[in-house]
Amino acid sequence: MAFHGTPVEVRKNQKSTTWYSSELIDINGDDNIKVRFEDDIWPVRDVPSSSVRRLPEESADDFDPQVDEVVEVLLSATESSPSGWALGKVKSIKNSFYFITFDPTQKGKQDLIVEKTALRRSSAEQPLDLSTVQRKLLPIDSDLHVWIRSQDSSGCLSHVQHKCNLLVANCCRLSAGTNVEMGSTQDPEVLLIGGERAVHLATMLLEQIHFKYQIEMQRFHEQREHLMERLNVAKQWHSAQSQQVFEVDQAMVGRIIGKKGENIKDIRDRHNVAIWIEDPRGNSNNCRVTVSGQTDESVSAARDELEFITVSIPVEQESVGWILGKGYQTISAIARKTELHHARYDDKSKTLELCGLRHQVEDAKLLISVHQEYLPVYQDMDEEQNAIQMSFDQLDGVAKGKGKKGSKGDEKPRKDGEKGKGKDEKGKEGKEGKDGKGFKGSKGDEASQEEDWYSYQRKGKDGKEGKDGKGNGWKGSGKEIGGNGKEGKEGKGQLEKRRRQGQGELEG
């Protein structure tokens, strides 16, 4: 795993004017700094803080060395020493080449001829002051031991070191194969070195953001592997299953399901199939119905009974819930950790208002920014979780859509002259009719006709004897109290009885 120390420059002693490239890896005591040199040409060693400085800022494009100007010149690495920068003076300039001379007190330094790219301004960086530096070992949750030892944690620690301006943010342990052996326990720890505020901010970033989400992501991946194994087994079993997919108008879903799901349950049981219905997608009014069974015949038979044809931070809308958290828990926690005075979200302007000291607001903005970077990760995980679950649903026959309860299936029409069983509509009296025809029932009637037939009861009073006693009606499930005409005769004596009572006509 890559080490995340701060690049520094080290000189051999107080009188040396050459600063060698190295890396700060730890601090020992009040004045010693442990450094590692480029390509490990020299062994790791402790040097006084007065001999260690940060890298100078990069030179501007207008750097134009002149004769007699004091500059620093790059010394390439050799087999016996790392690269470094030595203090020298421009002696002359010819054809874009610079002749550099060194202080004669510096042994082994010979005049050089270099190009401008090998020169930089004399650095004004001061040696490190350890009185302002803090060293902290941050314990790691046992669930993250594997992750913190992996290359995946490298980018996270590097990010924290850069964002918080730390000298060091690195995993240290006694395990074999580590570049640096530090700490006193076998469990890995994160070493943080930097200013007091920098270490405090880095601790919050790691504990409140990175560690928290890394644990959840790790658990998700473990669960994902388990689910994928189960999914593969399920796919193998279902690969031999017959399946048909079709669409129906959303208005038909109630009829497919039936009252209390009786219709769809009956079809499943009779044909030994699995059926599920999905809600419409986008602007479509169609629901997708999937039927799965062991044979093509059973699936086709079921389909035949189912298929119907029909210092304010702007916040992006999709990020509001993620940033605020459930019950404002996330933003409240950030506000509390960074000690903000308040954090308020304005729904009208779609902005998050942060109130606090400058560094508190900056800290909160950083935490929010890093927190927001995890949103697409969680969205991807949700999408993948949903995709996996959808695969299970499609295979196991779990209906995701919720339609209206359907009415009972169409009844068969009565044949002419056949006795019908029904009840008079809404108890209204019937007028004298010339023929005894009842409701005309035929296949393909609309659902409203079915509902009219089943919801009304024939409790009206019989009228006069019809001339034509043909019973062209529906075979109802309830009793028809009115007369059933046979060749114009009364049905079972009811007509005469009603006639004597002087009430309404018979409705066939």
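Please refer to the structure placed before this passage.
A brief report on the enclosed structure follows. Computed from a predicted model, the values in this text were never measured in an experiment.

Procedures and definitions
Residues numbered from 1 in each chain as written. Predicted model: local features only at pLDDT ≥ 70, side-chain atom pairs only at ≥ 80, totals over all residues. Heavy atoms only, no water. Helix = DSSP H or I, 4+ residues; strand = E, 2+ residues; numbered from the N terminus. Buried < 20%, exposed > 50% of the residue type's maximum accessible area, 1.4 Å probe, protein only. Areas by Shrake-Rupley, 256 points an atom, 1.4 Å probe, with all protein chains shown as cover. Axes fitted to C-alpha atoms, helices over the stretch in contact; angles between N-to-C directions. Parallel < 35°, antiparallel > 145°, perpendicular 65-115°, else oblique. Left-handed = near helix turned anticlockwise from the far one by under 90°. Contact = heavy atoms within 4.5 Å. Nonpolar A, V, L, I, M, F, W, Y, C, P; charged D, E, K, R; others polar. Pairing = 2+ DSSP bridges. Arc of directions from axis to C-beta. Salt bridge = Lys/Arg side-chain N within 4 Å of Asp/Glu carboxyl O. Core = buried A, V, L, I, M, F, W, Y, C linked by side-chain atoms within 4.5 Å. Phe/Tyr/Trp six-rings, centres within 6.5 Å; stacked < 30°, edge-to-face > 60°. Lys NZ or Arg CZ within 6 Å of the ring centre and 35° of its normal.

Points about the overall build of the protein
1) Next: In terms of regular secondary structure, the protein is built from 12 helices and 19 strands.
2) Next: The buried share among the 508 residues of the protein stands at 42%.
3) Next: Working note: accessible area of the protein is about 29,300 Å², and carbon and sulfur atoms make up 46% of it.

Quick notes on the packing of helix α5 (residues 262-271) against helix α6 (residues 296-306)
1) Next: Here α5 crosses α6 at 160 degrees, and the two axes come no closer than 10 Å. The pairing of α5 with α6 is recorded here as roughly antiparallel in orientation. Classified by chirality, the crossing of α6 by α5 is right-handed. In contact with I267, R270 and H271 of α5, α6 contributes S298, A301, A302, E305 and L306.
2) Next: Here the contact of α5 with α6 is built from residues that sort into four nonpolar, two polar and two charged.

Side note on the sheet that holds strand β17 (residues 312-314)
1) Next: With antiparallel pairing, the three strands of this open sheet are ordered in space as β17-β19-β18. Because the sheet does not close on itself, it has two edges, and the strands there are β17 and β18 (342-346). Between one strand and the next, the sheet's axes are offset by a mean angle of 20 degrees, whatever the strand orientation.
2) Next: In the sheet, β18 pairs with strand β19 (residues 351-355) via five bridges, with the strands oriented antiparallel. Following the sheet pairing, D346 is matched in β19 by T351.
3) Next: Set on the sheet, helix α9 (residues 358-373) makes contact with β17 and β19; between it and β19 the angle comes to about 145 degrees.

Some remarks on the sheet that holds strand β11 (residues 134-139)
Adjacent strands of a sheet form backbone hydrogen bonds with each other and so pair up, either parallel or antiparallel.
1) Next: The strand order β11-β13-β12 describes an open sheet built from three strands, whose pairing is antiparallel. Looking at strand neighbours, the two that pair on one side only are β11 and β12 (168-172), the edges of this open sheet. Taken pair by pair, the neighbouring strands of this sheet meet at an average axis angle of 20 degrees, ignoring direction.
2) Next: One ladder, built from five bridges, connects β12 with strand β13 (residues 189-194); its direction is antiparallel. Bridge assignment links N170 to a residue of β13, and that residue is L191.

Re the environment of H341
1) Next: Checked against the element boundaries, H341 lands in the loop between α8 (329-337) and β18.
2) Next: Taking the C-alpha atoms as reference points, H341 and C355, 14 residues apart in sequence, are found 5.3 Å from one another.
3) Next: Beyond its immediate sequence surroundings of up to four residues, H341 is in contact with C355 and G356.

Considerations on the packing of helix α3 (residues 196-238) against helix α10 (residues 375-396)
1) Next: One way to put it is that α3 packs onto α10 with a least axis distance of 10 Å and a crossing angle of 20 degrees. As the angle between them shows, α3 and α10 are arranged roughly parallel. As α3 runs across α10, the sense of the crossing is left-handed.
2) Next: By residue class, the composition of the contact of α3 with α10 is 13 nonpolar, four polar and six charged.

Topic: unusual backbone geometry
1) Next: Its identity is not glycine, yet S96 carries a phi of approximately 70 degrees, on the positive side.
2) Next: Along the chain, S96 turns up in the loop between β7 (84-94) and β8 (97-102).
3) Next: Accessibility expressed as a relative area gives 56% for S96, which makes it exposed.
4) Next: Positive phi, normally seen in glycine, also occurs at Y328, with a value near 60 degrees.
5) Next: As for its placement among the helices and strands, Y328 is situated in the loop between α7 (320-324) and α8.
6) Next: Overall, Y328 belongs to the partly exposed group, its relative accessible area being 46%.

Quick look at α8
1) Next: Of the residues making up α8, those classed as buried are T330, I331, I334 and A335. One side of α8 holds all its buried residues, which, seen down the axis, span an arc of 130 degrees. For α8, the exposed residues lying more than 90 degrees away from the buried face are Q329 and R336.
2) Next: Taken together, the buried residues of α8 touch α7, β18, β19 and α9.
3) Next: Looking one or two residues beyond α8, the residue adopting positive phi is E339, at roughly 60 degrees.

Some remarks on the pattern of salt bridges
1) Next: Taken as a whole and assessed by the stated rule, the structure comprises 19 salt bridges.
2) Next: For E278, the salt bridge identified is with R288, shortest N-O distance 3.1 Å. Placement of E278 in strand β15 (residues 273-278) and of R288 in strand β16 (residues 286-293) is noted, with a sequence separation of 10 residues between them.
3) Next: Its relative accessible area of 27% is what places R288 among the partly exposed residues.
4) Next: A salt bridge links E362 to K365, with the nearest nitrogen and oxygen atoms 3.9 Å apart. With E362 and K365 both in helix α9 and three residues apart, this pair spans about one turn of that helix.
5) Next: Using a relative accessible area of 31% as the deciding quantity, one classes K365 as partly exposed.

Concerning the nonpolar core
1) Next: By size, the foremost hydrophobic cluster in this structure holds 49 residues, and its most contacted members are L166, V190, L192, L206, F211 and L352.
2) Next: Sorting elements by how many residues they give to this core places α3 first, with 13 residues.
3) Next: Counting 19 residues, the second largest nonpolar core, distinct from the first, contains V10, I33, V133 and L191.

Some thoughts on the packing of aromatic side chains
1) Next: Counted according to the given criterion, the structure contains seven aromatic pairs.
2) Next: An aromatic cluster of three or more residues is present, and its members are Y213, W322, Y374 and Y378.
3) Next: Lying over the aromatic face of F99, K94 brings its terminal NZ or CZ to 6.0 Å of the ring centre.

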